[in-house]
Amino acid sequence: MLLEKPSVAPGESFDVGLRLRMKDGWHTYWKHPGDSGEPTAVNWNLPPGFTAGDLQWPYPQKISLAPLTTYGYEGEVMLLVPFKAASDAKPGTIARVTADAYWMVCEKICIPEEVKLALDVPIGASPVSPAESAFASTRAKLPIPANDWKITATEQNKQFVLRIDPPEGVALRGDGDVQFFAASGPLIEYSAPQTTSVDGGVVTMKLVRSSYLTGTPERISGILLAANGGRGGGPAAFEFDVPFSAPAAGATAAAPAVTTATAAVPPTLLFALALAFAGGVILNLMPCVFPVVSLKVLAFVQSAGDDPRRVRAHGLTFAAGVLVAFWILAALLLALRAAGEEIGWGFQLQSPGFVAAMAFLLFGLGLSLAGVVEIGTSLTRLGGVGAGSSGHRASFMSGALATVVATPCTAPFMGAALGYAMTQSAGTSMLIFTALGAGMAAPYVALSAWPALLRFLPRPGLWMVRFRQLTAFPLFATVAWLAWVFGHQTGVDGVLRLLLGLTLLALGLWIWGQWVTLSAAERTKWVARTAGAGCIVAGLVLAATSAPSATAAPSSTPSSAVAEGIAWEVYSEARVAEHRAAGRPVFVDFTAAWCLTCKVNERIALSSNEVHQLVKARNIAMLKADWTSKDPAITRALAGFGRSGVPLYVLYDADPAAQPRLLPEILSPGTLLDAFSKVK
């Protein structure tokens, strides 16, 4: 960190420079890195009364490492930060500014770096001294707002066309003199050539739109770097942000091709709400929700002979649990995204700790339902669905639990609605999540509202005990699946710790159930509670402290090669571009180990021999984007398609200019055969 002036006056504005020097062949990144990379970031710790603004970025250069093109800096760069001193700072004192700086430096490999920096700022009278040369040269490279420029943007024939009319005194040439750097993405193909032409001083620039972009964006922002655009004839950068205009007459606007209506991004809030409600209803049929659905069916069976008003009240309470859980998940998701986290639907299952906690909860509930441990009103009642639970709290917690276990699934219509929600304001997003929860709760509210439907259920009897015990096994199956997901995240040693933790949980519940009884002495109860709770806590700690292991499959690694010699490749934007440049169509499977819908699709559709044979015949490259653990690159790719969760299936034609096609969330062999037979 560098201070431009020897001292600053109280209340004075001044600049601090963050200077990075790279070895030959290495580079760091601009605020938008292009095909890959991460921008430099700084967290400040300021003296009282001091304020710091945003990083100011000099114009970058294009750095190509085929087939990728990135925006960054080589050699040396200084990033400026505007500061303002405290108005009550005392002259003659020293104010210390500290910072944590983070950056990515790359050559053929990339290394994330970080350092703690400190800078002493002397407080005194404002000096009159020439600016340090490094600051002056950096300011000369800062983009100038193009407020007095006339810039229009249209989309024609799968290209973005910029019409640039500079002000008087700025002359641009069309022989490669001007380069465009996009300030956000995916927007353009960074490696594609940018063609320019000049007519009467007006520059027309054509940019190839990104193959990962769906639909037409509302605006285009970035900088124009003109090699001779400065007032003195030197290089200069101009910053702009303009809306897209309607395509010129006769032009063909590029719209994404989709196979079903479920793949389209909803154009209106009303349509998004309808999709969300329909997706919530269908979510009840997804394999994720079945274990808890069986518990609710059991509750309806037990209440078949109850007062209709009581049954309706339980149905509404269950719906309230669903809605509150959706609101909490939505608020957490939106808050984390607002804080800069790149996450989506089902994000909590990317945390091994959460997966372990879910396994413990469902295993305890399963033991209670199976009658192995009869705990009455104690620990398993925390889940609200243990054996014997029948109050309104049980119905509410059943709804909340159903929502939590539903997050690994994306039902038809849900993907488009959730993707739309992630692009809207917090209020609109919460409305869409509310519609999703209302759809999920609707069948249970309907069943409780018309108690006559319950007459078709058998009369209460011994069979209900057997049915209750039977409902434990879907929970045990879910625990087995969660252990498998946990193994993907933490390795074989992690699974062992989880299984030992579940054993301690079972032991603790057994101790509690055996000796915490009405007839037991108080001392016996106290010892049993202490021992049981100790076992449960020890089991939780044992599982929760399982760190990701080097033996665990990384998030970008395909789960396995498919039979018949068809192997999955690791997904990356660069790999997609390579295959398409070589004339091969590409199929990308955005999946996760915790996504049960994904696994059902793999078993039913992607493992079909007919599909395998057609993949070979059409020479389709099969790529897997595994989102089991957090992966910002995959999150960004999902967002580029208007999605915030998995599954997502994308099919590219070999032509790099052709738009990708999004397949339905629920696949069948026929769906894939039809789609693969049409690739070009």
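Just so it is clear, the structure is predicted and the values come from calculations on it, not from any experiment. (Residues numbered from 1 in each chain as written. Predicted model: local features only at pLDDT ≥ 70, side-chain atom pairs only at ≥ 80, totals over all residues. Heavy atoms only, no water.)

Trainee: Before we move on, could you go through the overall build of the protein and cite the residues and values that matter?
Mentor: Scanning the protein from N- to C-terminus turns up 16 helices and 24 strands. By the burial criterion, 50% of the 680 residues in the protein qualify as buried. Here the protein displays about 29800 Å² of accessible surface, and carbon together with sulfur accounts for 61% of that area. (Helix = DSSP H or I, 4+ residues; strand = E, 2+ residues; numbered from the N terminus. Buried < 20%, exposed > 50% of the residue type's maximum accessible area, 1.4 Å probe, protein only. Areas by Shrake-Rupley, 256 points an atom, 1.4 Å probe, with all protein chains shown as cover.)

Trainee: Run through the packing of aromatic side chains, naming residues and quoting values.
Mentor: Tallying each qualifying case throughout the model produces 16 aromatic pairs. Ring centres of W30 and Y71 lie 5.9 Å apart, and the angle between their planes is 65°; this geometry places the pair in the edge-to-face category. Of the two residues, W30 is situated in strand β3 (residues 27–34) and Y71 in strand β7 (residues 68–74); the sequence distance between them amounts to 41 residues. The burial state of W30 is the same as that of Y71; both residues are buried. Three or more aromatic residues link up through ring pairs in this structure, and these residues are F14, W44, F50 and F83. The ring of W568 carries the charged tip of K624 above its face, separated from the ring centre by 4.1 Å. (Phe/Tyr/Trp six-rings, centres within 6.5 Å; stacked < 30°, edge-to-face > 60°. Lys NZ or Arg CZ within 6 Å of the ring centre and 35° of its normal.)

Trainee: Tell me about the sheet that holds strand β15 (residues 195–199), residues and numbers included.
Mentor: With antiparallel pairing, four strands are arranged side by side in an open sheet as β12-β13-β16-β15. At either end of the open sheet lies a strand with only one pairing partner, and these are β12 (150–156) and β15. Taken pair by pair, the neighbouring strands of this sheet meet at an average axis angle of 20°, ignoring direction. Examined bridge by bridge, strand β13 (residues 159–165) and strand β16 (residues 202–208) share six bridges and lie antiparallel to one another. Bridged to V161 within β16 is K206. (Pairing = 2+ DSSP bridges. Axes fitted to C-alpha atoms, helices over the stretch in contact; angles between N-to-C directions.)

Trainee: Quick one: what's the story with the sheet that holds strand β1 (residues 2–3), residue by residue and with numbers?
Mentor: Sheet architecture is open: four strands sit in the order β1-β2-β8-β5, paired in antiparallel fashion. The strands lining the two open edges of the sheet, one partner per strand, are β1 and β5 (51–52). Here two bridges tie β5 to strand β8 (residues 76–84), and the two strands are oriented antiparallel to one another. Counterpart to T51 in the pairing with β8 is K84.

Trainee: Can you break down the pattern of salt bridges residue by residue, with the values?
Mentor: Enumeration according to the criterion identifies 16 salt bridges in this entry. A salt bridge links D120 to R96; its shortest N-O distance comes to 2.9 Å. Here D120 is found in strand β10 (residues 110–122), whereas its partner R96 is found in strand β9 (residues 94–106), with 24 residues between them in sequence. D120 sits in the partly exposed class, given a relative accessible area of 36%. Relative accessible area serves as the criterion here: at 49%, R96 is assigned to the partly exposed category. Across the pair D589 and K624 runs a salt bridge whose closest N-O atoms are separated by 3.2 Å. Residue D589 is located in strand β21 (residues 586–591), and its partner K624 is located in strand β22 (residues 621–626); the two are separated by 35 residues in the primary sequence. Across the pair, exposure class does not vary: D589 and K624 are buried alike. A network of salt bridges, in which partner residues are shared, links E4, D15 and R139. (Salt bridge = Lys/Arg side-chain N within 4 Å of Asp/Glu carboxyl O.)

Trainee: An account of the packing of helix α10 (residues 472–515) against helix α11 (residues 522–544) is requested, with residue identities and associated values reported.
Mentor: In the contact formed by α10 and α11, the axes pass within 7 Å of each other and the chain directions differ by 175°. Put simply, α10 runs roughly antiparallel to α11. Its residues placed into classes, the contact of α10 with α11 shows 18 nonpolar, five polar and three charged. (Parallel < 35°, antiparallel > 145°, perpendicular 65-115°, else oblique. Nonpolar A, V, L, I, M, F, W, Y, C, P; charged D, E, K, R; others polar.)

Trainee: Give me helix α14 (residues 609–617): which residues, what numbers.
Mentor: Those residues of α14 that sit buried are V611, H612, L614 and V615. The buried residues of α14 occupy an angular sector of 165° when the element is viewed end-on, so they sit on one face. Turned more than 90 degrees from where α14 packs its buried face, Q613 and A617 sit exposed. Note on α14: the residue one or two positions beyond its end, N619, has a positive phi of about 55°. (Arc of directions from axis to C-beta.)

Trainee: Tell me about unusual backbone geometry, and please be specific about residues and values.
Mentor: With a phi angle near 55°, N619 is a residue other than glycine that sits in the positive phi range. Overall, the relative accessible area of 41% leaves N619 in the partly exposed class.

Trainee: Before we move on, can you summarise a nonpolar patch on the surface with the specific residues and values?
Mentor: The grouping of L507, W510 and W515 at the surface amounts to a nonpolar patch, some 300 Å² of accessible area in total. Tracing the sequence through the fold places L507 in helix α10. (Patch = residues over 30% accessible without salt bridge, like charges linked within 9 Å, V, L, I, M, F, W, Y side chains within 5 Å.)

Trainee: Describe the nonpolar core, listing the residues and the values that go with them.
Mentor: Judged by nonpolar contacts, the single largest core of 63 residues is most densely connected at F180 and I220. Dropping the residues within four chain positions of it, I220 is found in contact with A153, L162, F180, L187, L207, F240, D241, V242 and F244. Grouped together as the second largest cluster of nonpolar side chains are 39 residues, A592, V611, V650 and L663 included. (Core = buried A, V, L, I, M, F, W, Y, C linked by side-chain atoms within 4.5 Å. Contact = heavy atoms within 4.5 Å.)

Trainee: Give me the lowdown on helix α16 (residues 669–677), citing residues and values where you can.
Mentor: Of all the residues in α16, the buried ones are L672, A675 and F676. Take α16 and look down its axis: the buried residues cluster within an arc of 95°, on one side only.

Trainee: Give a detailed account of the side chain of Q194, specifying residues and quantitative values.
Mentor: Looking at the element boundaries, Q194 is found in the loop between β14 (178–182) and β15. At 2.9 Å, the side chain of Q194 forms a polar contact with the backbone nitrogen of F180. Apart from residues lying up to four places away in sequence, Q194 is in contact with K62, Q179, F180, I188, M205, K206 and L207. (Polar contact = N/O pair within 3.5 Å; in protein donor to acceptor, adjacent residues only side chain to side chain.)

Trainee: Pulling in residues and values, what's your account of the environment of I536?
Mentor: Residue position: I536 is located in helix α11. Between the C-alpha atoms of I536 and L509, which are 27 residues apart in sequence, the distance is 7.6 Å.

Trainee: Outline the pairing of β14, listing residues and values.
Mentor: Here β14 lies mainly inside the structure; four of its five residues are buried. In the sheet, β14 pairs with strand β17 (residues 219–226) via five bridges, with the strands oriented antiparallel. Its bridge partner lying in β17, A182 is registered against G222.

Trainee: Account for the confidence of the model for the protein, naming residues and giving values.
Mentor: For the protein, mean pLDDT is 75; residues scoring 70 or higher make up 74% of the total. This model gives residues 247–267 a pLDDT under 50, and the stretch forms 47 contacts once residues within four places in sequence are excluded. For the stretch residues 340–344, pLDDT sits under 50, and the model shows 16 contacts to residues farther than four places along the chain or on other chains. (pLDDT = per-residue confidence, 0-100.)

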